[in-house]
Every structure is written in C-alpha cells, then in structure tokens.
Amino acid sequence: MEQMYALLGVSKAVYEYGETILQELRPRFAAIDQTAEYNQGKVLLSMQKHRVNATHFAATTGYGYDDEGRDNLERVYAGVFHTEAALVRPQITCGTHALTVALSANLLPGDELLSPVGAPYDTLEEVIGIRESKCSLKEYGVTYAQADLNPDGTFNYDAIRAAIGDRTKLITIQRSKGYATRPSFSVAQIGELIAFCKSVKPDVKVMVDNCYGEFVERLEPSDLGADMVVGSLIKNPGGGLAPIGGYICGTRECVERCAYRLSAPGLGQEVGANLGLMPAFYQGLFLAPTVVAGALKGAVFAANIYENLGFSCVPNASETRHDIIQAVTLGTREAMVAFCQGIQAAAPVDSYVTPEPWAMPGYDSDVIMAAGAFVQGSSIELSADGPIRPPYAVYFQGGLTWYHAKLGILMSLQKLVETGIVRLP
Ligand SMILES: *Cc1c(COP(=O)(O)O)cnc(C)c1O
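This structure is a prediction, so every number in the text was calculated from the model and none was measured.

A. Seen up close, the site of the ligand. Surveying the vicinity of the ligand reveals the residues Cys-94, Gly-95, Thr-96, Leu-99, Tyr-121, Gln-174, Asp-209, Cys-211, Tyr-212 and Lys-235. A distance of 2.6 Å separates a nitrogen atom of the ligand from a polar atom in the side chain of Asp-209. A distance of 2.9 Å is found between an oxygen atom of the ligand and a side-chain nitrogen or oxygen belonging to Lys-235. For the ligand, whose unbound accessible area comes to 380 Å², protein coverage reaches 88%. Among the elements that line the shell around the ligand, the one with the most residues is helix H5 (residues 95-106), at 3 residues. In terms of residue class, the shell around the ligand is built from 5 nonpolar, 3 polar and 2 charged.

B. Spotlight on the pairing of strand S1 (residues 85-89). Of all 5 residues that make up S1, 5 are buried, and the element is covered over most of its length. Both faces of S1 are covered, namely the face carrying Ala-85, Leu-87 and Arg-89 and the face carrying Ala-86 and Val-88.

C. Quick look at the pattern of salt bridges. Counted by the stated rule, this structure contains 15 salt bridges. Taking the shortest distance from any N to any O, the salt bridge between Glu-74 and Arg-89 comes out at 2.6 Å. With Glu-74 in helix H4 (residues 68-81) and Arg-89 in strand S1, this residue pair connects regions lying 15 residues apart in the sequence. With relative accessibility at 2%, the residue Arg-89 sits in the buried group. Here Glu-112 makes a salt bridge to Arg-167, at a shortest N to O gap of 3.3 Å. One end of the pair, Glu-112, is in strand S2 (residues 112-115); the other, Arg-167, is in the loop between helix H7 (157-163) and strand S4 (168-174), with 55 residues separating them in the sequence. In this structure Arg-167 comes out as partly exposed when scored by relative accessible area, which is 39%.

D. Structural context of the sheet that holds S1. Here 7 strands make up an open sheet; going across it, the order is S1-S7-S6-S5-S4-S2-S3 and the pairing mixed. Of all strands in the sheet, those with a lone pairing partner are S1 and strand S3 (143-146), marking the two edges. In this sheet, neighbouring strand axes are inclined to one another by 20 degrees on average, regardless of whether the strands run parallel or antiparallel. Pairing geometry for S2 and S4, over 3 bridges, is parallel. Among the inter-strand pairings, Glu-112 is bridged to a residue of S4, identified as Thr-168.

E. Structural context of the packing of aromatic side chains. Evaluated as defined, the whole model comprises 15 aromatic pairs. On the numbers, 6.0 Å between centres and 70 degrees between planes, the contact of Phe-155 with Tyr-157 is edge-to-face. Residue classification places Phe-155 among the buried positions, given a relative accessible area of 9%. Judged by centre distance (6.2 Å) and plane angle (90 degrees), the rings of Phe-339 and Phe-396 are edge-to-face. In this pair, Phe-339 sits in helix H11 (residues 333-345) while Phe-396 sits in strand S12 (residues 393-397), placing the two residues 57 residues apart along the sequence. According to the relative accessible area criterion, Phe-339 is buried, its value standing at 0%.

F. Seen up close, the sheet that holds strand S9 (residues 326-329). Pairing is antiparallel in the open sheet, where 5 strands are placed in the order S8-S9-S12-S11-S10. Both edges of this open sheet fall to strand S8 (312-314) and strand S10 (367-371), since each of them pairs with a single strand only. Taking the axes of each pair of neighbouring strands and ignoring which way they run, one obtains an average angle of 20 degrees across the sheet. Direction of pairing for S10 relative to strand S11 (residues 383-387): antiparallel, over a ladder of 5 bridges. Bridge pairing in S11 links Ala-371 to Ser-383. Across the sheet, H11 is in contact with S10, S11 and S12; its angle to S10 comes to roughly 20 degrees.

G. Up close: the packing of helix H2 (residues 12-23) against helix H12 (residues 402-418). The contact between H2 and H12 brings their axes to 10 Å, and the two run at 125 degrees. The pairing of H2 with H12 is recorded here as oblique in orientation. Our pair here, H2 against H12, has a crossing hand that is right-handed. Along the contact surface, H2 presents Val-14, Tyr-15, Tyr-17, Gly-18, Glu-19 and Leu-22, while H12 presents Trp-402, Lys-406, Leu-410, Leu-413, Gln-414 and Val-417. In terms of residue class, the contact of H2 with H12 is built from 8 nonpolar, 2 polar and 2 charged.

H. Focus on the environment of Glu-217. Inspection of the secondary structure assignment puts Glu-217 in the loop between strand S5 (205-209) and strand S6 (228-232). The class of Glu-217 is buried, set by a relative accessible area of 18%. A polar contact is formed between the side chain of Glu-217 and the side chain of His-322, at a distance of 3.1 Å.

I. Focus on the side chain of Arg-175. Relative to the elements of secondary structure, Arg-175 occurs in the loop between S4 and helix H8 (187-200). Engagement of the side chain of Arg-175 in a polar contact is seen with the side chain of Glu-220, the distance being 2.9 Å.

J. Representation of the layout of surface pockets within the structure. Each pocket or cavity is described by its volume, and for the second largest pocket that value is around 360 Å³. Along its surface, the second largest pocket is lined by 20 residues, and Ser-104, Ala-105, Leu-107, Leu-137 and Arg-261 are the ones closest to its centre. Residue contributions to the lining of the second largest pocket peak at 4 residues, all from H5. In terms of residue class, the lining of the second largest pocket is made up of 12 nonpolar, 4 polar and 4 charged.

Criteria and thresholds
All residue numbers refer to positions counted from 1 along the written sequence of the respective chain. Owing to the predicted nature of the model, reporting of local features is limited to residues with pLDDT of at least 70; listing and counting of side-chain atom pairs is limited to 80 or more, with chain, interface and lining totals taken over all residues. Processing note: side-chain calculations cover all non-hydrogen atoms of the structure and skip hydrogens and water entirely. Here, proximity means that at least one heavy atom of the residue falls within 4 Å of the molecule or strand. Whenever two N or O atoms come within 3.5 Å, that pair is a polar contact, provided that in protein one can donate a hydrogen and the other can accept it, and provided that, for residues adjacent in sequence, both atoms are side-chain atoms. Only the protein chains shown count as cover for residues, with accessible areas throughout obtained via the Shrake-Rupley method and a probe of 1.4 Å. Going along the chain from the N terminus, every DSSP run of H or I of four or more residues is numbered as a helix, and every run of E of two or more is numbered as a strand. Residue polarity follows a fixed list, in which Ala, Val, Leu, Ile, Met, Phe, Trp, Tyr, Cys and Pro are nonpolar, Asp, Glu, Lys and Arg are charged, and the others, Gly among them, are polar. The classification of residues rests on relative accessible area computed with a 1.4 Å probe and restricted to protein chains. Under 20% of the type maximum is buried, over 50% is exposed, and intermediate values are partly exposed. Just to be clear on terms, a salt bridge is a Lys or Arg side-chain nitrogen sitting within 4 Å of an Asp or Glu carboxyl oxygen. At least two DSSP bridges between two strands are required for those strands to pair. To get an axis, a line is fitted to the C-alpha atoms, and for a helix only the part in contact is used. The angle between two axes follows their N-to-C directions and goes from 0 to 180 degrees. Pairing of aromatic rings covers Phe, Tyr and Trp, the last through its six-membered ring, and needs centres within 6.5 Å; plane angles under 30 degrees mean stacked, over 60 mean edge-to-face, and all others mean tilted. Two residues form a contact once any of their heavy atoms are found within 4.5 Å. The cut-offs work like this: below 35 degrees is roughly parallel, past 145 is roughly antiparallel, 65 to 115 is roughly perpendicular, and the gaps in between are oblique. By definition, turning the near helix anticlockwise from the far helix through less than a right angle yields a left-handed crossing, and turning it clockwise yields a right-handed one. For each structure, a 1 Å grid was placed over the protein atoms alone; sets of points admitting a 1.4 Å probe that cannot get out are labelled cavities, open sets with protein on both sides within 12 Å along at least five of seven lines are labelled pockets, and lining residues have an atom within 4 Å of a point. Grid points are joined across faces, edges and corners, and a volume is the space filled by probe spheres set on the points.

Set out below in structure tokens:
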C-alpha cells in the first residue's frame, strides 16, 4: 500500500501519519456507514415501491409529453423525501435556479420572505434583491426580512417572532453554512425552528435550502414539517453521475406552483423532455447515500489531520456532521495554495494543472480553486476553494469515493510538508 501511495506522490511519513489519525476514526466511520446503510434502504424502498424498470431509462425529446421515466423519477424522489410531490428536472440548471423557482413560484407581489437564520447563500442575494439585480423578487414587489442568529449560532426566537408579520408568506432556512462561519444546522434543529415558526403563524410556508445536506442524516427537513426541500443534482443527491439538474420536493400545492413557474402556467409538469439523462439521475440517486458517506469520511479525516497539526477546523475534529463541507483555517496565502495544489494533484481529471489564486467576479479578493471533476463545478466531487484573505481558510468538500478523498487530503498535507509550512510530529 505504501508503495502505491509513493507512486501517487505521498511520502512514507505522510502516509503513516494519516494511518495513525485513521486508527482513532474507526467508530466515527462505522456510524457514517450505518447512516449510509439506512439511507440506501430508503432509496431502494422508494425505487421498489415505484417499480423502476428499464422503460424508465428511455430518452425523450421535444415537449416530453408522457415521459414516464421523468414522472416516475419524481415519484421516487417524493418517496425518498417523504413528500406528496417532487419536481426533478435537467431544465433546473443549478441549485440557485431551483431555489429561485421555489421562491418566485410561492411568493406574490406584497408578500414577504423571511430568513430566520441570518443572511442567505451569496447567490441568493441577487435573487432576493438584497443586492440590486434585474428580475429580483424585490423588483416584483416581494419584500425580504431577516432575523440574525445569536452570536453563538443559535436561533434568536424573540427576533424571529417579531419578524413574522401579516405579510410573511414564506420562510427560508438554509441547512448548510455554505461559506459563512456559523455552524450548519441539524435536521432536528431545523424541525424545531419550523415548529416554532408555524406556532407563531400556522399558515406560513417553509422552504429549506437542502444543498450539501442530503443523506448526511437519516431524516430530511421534509420529515419535520418543511413544505419544500430544494437542492442541486451536482451535489449530494446526484451521486456524482447527474451531469446537471435540481430538485424541489414538497407539498403538492407548492410543487405544482414550482412546475408552472419553471415551464409555463397551464403546462407545469407535463412538459420537459429528459434528453436521455434518466439513467444518470436514477443511478446517481441510488449511489448517493454511499457517495455522501465517502465525502463525510473525507471531511472527518481532514478535520482530524489538520486539527491535530494545530489548525482550526469547522466543524472541529469531534463534532457530528450536518453537511459535507469542511473548513480548515490555514492562516497564510502560501498554505492555502499548497493545500489546493495537493487536492488538484490527486484528481482523476486535470491532475497536471497547478491552481493559482486569481481575481474572480463578485469577490473583493483573489480566490483559489482546486477541482478535477468529471462534471464541471460539481462539488460532490473532491474540490477545495477559498478567498485569499484573513483568516485564510479553505473550504473542502466532496469525493466520489472515500479512497479518493483520502488521497486528496494526504496530497494536501504532502504539499504543506514539502513547502516546509507543516512539520509532522
Ligand atoms: C451550492 C449551494 C447553493 C446553490 O448553488 P449553485 O452553485 O447554484 O448550485 C445554494 N445554497 C447552498 C447552501 C449551497 O451550498
């Protein structure tokens, strides 16, 4: 094994250091495997109930009328997320698009949207109109209110109660911290928040931005009262095989409106050809629980390696996980570059490329990104990135297999050791 890692560029010292860290992680990994096993059962149960068969994998074109593969995939998703309905489409281009459809379909002029968990994901700022943008919800007369979290990351129930008013129609809860410094929320915490909001206003609708959270726990927010859960197929639920797409699972009432918004009033879910993507969507969902487990093991391994070397990690080495993101504060530009170059060198695609910090639209500092993915921008595949500014943190996520995630982390450490930034104990 050492020899194989040596061929891949990992020194004996780095490999052995990794193995000592891994010794301690066996019980954590066993718990992650149990969750994957449970969620695999959940996916299989829904596929069996909906009698998935080879005819569901056929391609359709044009309008896509009577697309049984697409319609059945939506039943399968609804079965997995325990919702009345689902919209799962290649025509949903990314997570931001799925969220935009869910919001704009369920908010009318005069309505107010409330985020009770502080600022939403960056790309939603323009969708909502927090940052001025053409075609934002704000332009259509939908207002936005926000209740910030307490300094310790818990919900500020007083502020939330005060923010829920006559016009509050929809509440948006982001499960993963994304690029923020707050903790990610457990499904149980989200359930409590939903119950609170509905106790204040029983007819309010709740949408959960489920990006990066799918299959990390046994329950999903839709099990605890969310009217819609929304996410991207090039993250967790696509299992690395979906080349595009997004999903919205929820109540029939909400999902029907989403379908009319996505296509056109009157057309709804009836149109939208699958373009031959059904095998990837079905098989990706089937693989998703194990793919997520591999990514989670990678995140736990990274936190334990880097915390042990004195770097601060969020979540830390021992915390339970609510999404697949791992932040590691490396403290310097040079360390961020070395880390990302290691991740890149371990990739199956573009491994020979050397990532460098560069200016990016929308950022006030240079950004470095490492990704060697089969699907462009897919962040269920192993990737790392971060803005080059204090505290010089990299955000690391994904890995289609645990072994690839492991190699990526060992290579990141290898580069840090080679540049003299890290000395192994
Ligand atoms: C990835 C992500 C999104 C959507 O991003 P896309 O790049 O448009 O797919 C939204 N919210 C969160 C928390 C995310 O992680």
